[in-house]
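Chain by chain, the residues run as shown.
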Amino acid sequence: MNNNMRMFILFGIIILVFGYYAYFTPKVTRTVTVDTTIVADTAVEIAEEENPAENKKIESVKQSQDTTVIEFETDLYRGRISSLSGGLSKFELLNFKSYKERLSLLPEYSKSMQIVVTIGNTKHDFSNVNFSVIYSGGLSPLRTEKDSIVLGAEVDGIMFTRTYVFSRGSYVVEHRISSESSISSVEYLFEEGVSLTEKNEADDILYYSVNAYSMNNVIKTKQKNVKNQETSMSGDYSWMGIQTKYFFTGLLGEGKGYTAGLLEDKRLYGTFSFSSPEVRLYMGPIDYKILKEMNNGMDKLPDFGWPIIQPISKVILGFMHFLYRYIHNYGVIIIIIALLFIAIFSPLTFKSYSAMSRMQKLQPQMAELKKKYEKDPQRLNTETMNLYKKSGVNPFTGCLPMFIQMPVFFALYAILKTTIELRYAPFAFWLTDLASKDPYYVLPVLTGATMFVSQKLSLTDQSQKMMVYIMPIMLTFLFLSLPSGINLYWLTYNLLSVVQQVIIKRMINKQTGVQNG
């Protein structure tokens with residue numbers, strides 16, 4: 001197999017992978033037990049342990065509209081709880097950049113985490129209930145390792161309290177609803193969904209889904225899955241929530257089911273039902289290291305590609321994390337990975353080019369066979385295979401490096417396409433975000449140029465001359481919209497491949513005495 005045919009196969013592979021990540025949802029498998037225990041003591045106990053002089057206690061005042069807000073801030077996020085409904089009206093992540101003024105996970109003016117509580121056969125809707133503040137600790141910002149906000153309200157003659165517990169160094173907020181009556185279930189409403197956080201909203205919304213985890217699977221409900229504007233799922237779920245490309249807002253607990261519906265801008269809203277009055281709210285990045293430590297199956301959220309290549313993806317990501325301890329530039333790390341892959345696959349590449357050289361030596365004999373058995377294709381095929389066998393040539397050896405490298409390329413593509421580590425990660429000069437496309441298209445053009453050089457060097461059959469020009473042009477247009485991290489890898493790999501190709505050819509020419517280009 002000559003290099004032009006290999007590039008044709010590679011182009012097909014890239015199209016397949018690009019289409020997969022653009023239009024299909026990856027499968028996920030694996031079961032991990034969920035810890036639904038609320039870690040903190042009740043907020044009332046915390047209040048008793050704190051210095052009363054530092055506590056902000058506010059008298060209960062009935063209000064007809066949302067005029068009171070309670071601010072909170074930790075080392076990782078800041079937000080706001082509204083008195084009306086007692087839900088969240090703001091949640092901003094502090095350690096992540098945004099093309100806007102701030103990175104907010106909740107739409108502006110929305111009230112998320114509104115609740116509907118079921119006691120017996122009666123549902124109590126809190127959306128228009130105005131809560132008063134019972135306790136508000138040192139949360140502007142958080143002054144201790146853990147503190148809380150407690151809200152209270154009377155609904156339908158029953159007293160309820162909502163408790164939020166915030167912890168330093170964690171994206172998990174503990175939440176408890178309690179009353180004098182036994183609560184049988186609680187529904188949590190995200191009526192406005194969650195925010196799109198990326199400048200390329202079309203790309204961000206490709207990953208937008210309502211998720212639930214149960215029985216070894218992450219069940220994803222996307223826009224295309226919602227029929228008649230709304231769809232519902234029931235079952236035993238360890239966690240449920242809403243995902244974008246890089247961030248996840250989810251509830252962890254004894255889930256019973258969820259409802260997903262379409263909003264006007266193609267996002268989804270979600271309603272999540274739990275049998276326990278205690279849940280844990282995660283609002284943070286889809287970061288494999290963080291989610292893995294939670295030990296509840298949320299490490300399935302990162303898109304590592306098809307199940308068969310997920311182990312490879314995790315190894316590559318782990319290696320990138322290792323290198324980042326010493327090299328704080330993911331662009332440089334991508335270049336190092338390209339160097340390593342060239343080195344690792346060099347023996348296979350040498351074997352491939354050796355096979356191509358031996359095939360080239362057989363070209364005169366194969367031409368004679370074609371002329372001799374021009375009208376007998378079956379005999380031509382038999383005699384050609386006999387010639388290969390007699391000469392000790394395996395025509396499929398040239399394909400071997402490509403097929404062995406395919407899983408690695410798939411895995412690396414998954415990492416470079418979706419990992420949050422590359423989001424706003426700078427490389428050098430104008431490349432300030434390896435997760436976004438090259439704003440000046442320099443890398444895609446250079447990638448196409450190096451592909452052209454590689455094809456030109458390996459051209460042995462003039463009948464395939466047009467492929468030398470067509471393939472690089474097609475790949476260049478494809479790469480224009482891909483993240484610059486992917487372009488950087490392919491450009492580096494192509495440059496190294498050209499150098500490797502020249503060296504291997506010289507080595508083979510010395511061994512065989514045949515001038516192969």
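The rules behind the values
- Residues numbered from 1 in each chain as written.
- Predicted model: local features only at pLDDT ≥ 70, side-chain atom pairs only at ≥ 80, totals over all residues.
- Heavy atoms only, no water.
- Helix = DSSP H or I, 4+ residues; strand = E, 2+ residues; numbered from the N terminus.
- Buried < 20%, exposed > 50% of the residue type's maximum accessible area, 1.4 Å probe, protein only.
- Contact = heavy atoms within 4.5 Å.
- Salt bridge = Lys/Arg side-chain N within 4 Å of Asp/Glu carboxyl O.
- Axes fitted to C-alpha atoms, helices over the stretch in contact; angles between N-to-C directions.
- Parallel < 35°, antiparallel > 145°, perpendicular 65-115°, else oblique.
- Left-handed = near helix turned anticlockwise from the far one by under 90°.
- Phe/Tyr/Trp six-rings, centres within 6.5 Å; stacked < 30°, edge-to-face > 60°.
- Pairing = 2+ DSSP bridges.
- Core = buried A, V, L, I, M, F, W, Y, C linked by side-chain atoms within 4.5 Å.
- pLDDT = per-residue confidence, 0-100.
- Expected span 1.5 Å × (residues − 1).
- Arc of directions from axis to C-beta.
- Patch = residues over 30% accessible without salt bridge, like charges linked within 9 Å, V, L, I, M, F, W, Y side chains within 5 Å.
- Areas by Shrake-Rupley, 256 points an atom, 1.4 Å probe, with all protein chains shown as cover.
- Lys, Arg positive; Asp, Glu negative; His and termini not counted.

### Observations regarding the overall build of the protein
Next, step 1: Summing up its helical and strand segments, the protein has 13 helices and 17 strands in all.
Next, step 2: The buried share among the 517 residues of the protein stands at 55%.
Next, step 3: For the protein, the share of sequence-separated contacts (at least 6 apart) that also reach a separation of at least 24 residues comes to 66%.

### As for unusual backbone geometry
Next, step 1: With an omega of 0°, the peptide bond between S140 and P141 qualifies as cis.
Next, step 2: Inspection of the secondary structure puts P141 in the loop between β7 (132-136) and β8 (146-155).
Next, step 3: The phi dihedral of N295 falls on the positive side, at around 55°, and the residue is not glycine.
Next, step 4: Mapped onto the elements, N295 comes out in the loop between α4 (288-294) and α5 (310-324).

### Some thoughts on the pattern of salt bridges
Next, step 1: In the structure shown here, the tally under the stated rule is twelve salt bridges.
Next, step 2: The partner of R78 in a salt bridge is E92, with the nearest N and O atoms 3.0 Å apart. With R78 in strand β2 (residues 77-82) and E92 in strand β3 (residues 88-93), the pair connects residues that are 14 residues apart, well separated along the chain.
Next, step 3: Overall, R78 belongs to the partly exposed group, its relative accessible area being 32%.
Next, step 4: In this structure, K417 engages D203 in a salt bridge whose closest nitrogen and oxygen atoms are separated by 3.9 Å. One end of the pair, K417, is in helix α10 (residues 400-418); the other, D203, is in helix α3 (residues 201-206), and 214 residues separate them in sequence.
Next, step 5: For K417, a relative accessible area of 9% corresponds to the buried category.
Next, step 6: The network of salt bridges with common partners includes E71, R80 and K90.

### Some thoughts on the packing of α5 against helix α6 (residues 330-344)
Next, step 1: Remark: α5 packs on α6, axes separated minimally by 10 Å, with the N-to-C direction vectors making an angle of 125°. In terms of orientation, α5 lies oblique with respect to α6. When the axes of α5 and α6 are compared, the crossing they make is right-handed. In this structure, α5 uses I316, F319, M320, H321, L323 and Y324 to contact α6, whose residues at the interface are Y330, I333, I336, I337, L340 and F341.

### Observations concerning the packing of aromatic side chains
Next, step 1: Within this structure, the stated rule accounts for 28 aromatic pairs.
Next, step 2: Between F96 and F247, the ring centres sit 5.5 Å apart and the planes meet at 90°, which makes this aromatic pair edge-to-face. Taken as a pair, F96 in the loop between β3 and β4 (103-104) and F247 in strand β15 (residues 247-262) lie far apart in primary sequence, 151 residues in all.
Next, step 3: By relative accessible area, F247 is classed as buried at 2%.
Next, step 4: Arranged with centres 5.7 Å apart and planes meeting at 45°, the rings of F126 and F131 form a pair that is tilted.
Next, step 5: Through pairs of rings, three or more aromatic residues link up here, namely F341, F345, F409, F479, Y489, W490 and Y493.

### Focus: the sheet that holds β3
Next, step 1: Strand order in this open sheet of four strands is β1-β2-β3-β4, and the pairing throughout is antiparallel. Of all strands in the sheet, those with a lone pairing partner are β1 (69-73) and β4, marking the two edges.
Next, step 2: As paired elements, β1 and β2 share five bridges and run antiparallel to each other. Each residue of the ladder has a partner; that of E71, found in β2, is R80.

### So, the nonpolar core
Next, step 1: Counting 108 residues, the largest nonpolar core has L88, F91 and Y489 as the members making the most contacts within it.
Next, step 2: For F91, the contacting residues outside a window of four places in its chain are F72, Y77, R78, G79, L103, S104, L105, L106, V173 and M283.

### Regarding the confidence of the model for the protein
Next, step 1: With 81% of its residues at a pLDDT of 70 or more, the protein has an overall mean of 82.
Next, step 2: Per-residue pLDDT stays below 50 along residues 21-64; that stretch engages in 88 contacts with residues further than four places along the chain or on separate chains.

### Focus on α5
Next, step 1: End to end, α5 covers 21 Å across 15 residues, agreeing with the expected 21 Å (1.5 Å per residue, within 8%).
Next, step 2: Among the residues of α5, those classed as buried are Q310, S313, I316, L317, M320, H321 and L323. In a view along the axis of α5, the buried residues occupy a sector of 165°, so they form one face of it.

### Overview of the pairing of strand β14 (residues 230-243)
Next, step 1: Pairing of strand β12 (residues 209-214) with β14 involves five bridges; the strand directions are antiparallel. Pairing of A212 across the sheet is with M240, part of β14.
Next, step 2: Where β14 lies against β15, eleven bridges are found, and the strand directions are antiparallel. Counterpart to G241 in the pairing with β15 is G250.

### Observations concerning the side chain of T492
Next, step 1: Tracing the chain through its elements places T492 in helix α13 (residues 484-512).
Next, step 2: T492 gets classed as buried once you look at its relative accessible area, which sits at 11%.
Next, step 3: Contact partners of T492, with chain neighbours within four places excluded, come to I335 and A338.

### Looking at a nonpolar patch on the surface
Next, step 1: Taken together, the side chains of F319, F322, Y326, L340 and I344 present a nonpolar region at the surface, about 500 Å² in accessible area.
Next, step 2: Those elements that provide at least two residues to the nonpolar patch are α5 and α6.
Next, step 3: Along the chain, the position of I344 falls in helix α6.
Next, step 4: Look at I344 and you get exposed, because its relative accessible area is 56%.

### So, the side chain of K220
Next, step 1: Inspection of the secondary structure assignment puts K220 in strand β13 (residues 217-221).
Next, step 2: Here K220 occupies a buried position and makes no salt bridge, while the nearest side chain of opposite charge, D303, is found at 7.6 Å.

### What about the pairing of strand β11 (residues 185-190)?
Within a regular strand, the side chains alternate between the two sheet faces.
Next, step 1: Extensive coverage of β11 is indicated by the burial of six of its six residues.
Next, step 2: What you see with β11 is no split at all: S185, E187 and L189 on one side and V186, Y188 and F190 on the other are buried throughout.
Next, step 3: Relative to β11, strand β5 (residues 114-119) runs antiparallel, the two being bridged by five bridges. Residue pairing in the sheet places I115 in a bridge with Y188 of β11.
Next, step 4: Note that β11 and strand β16 (residues 268-274) share five bridges and pair antiparallel.

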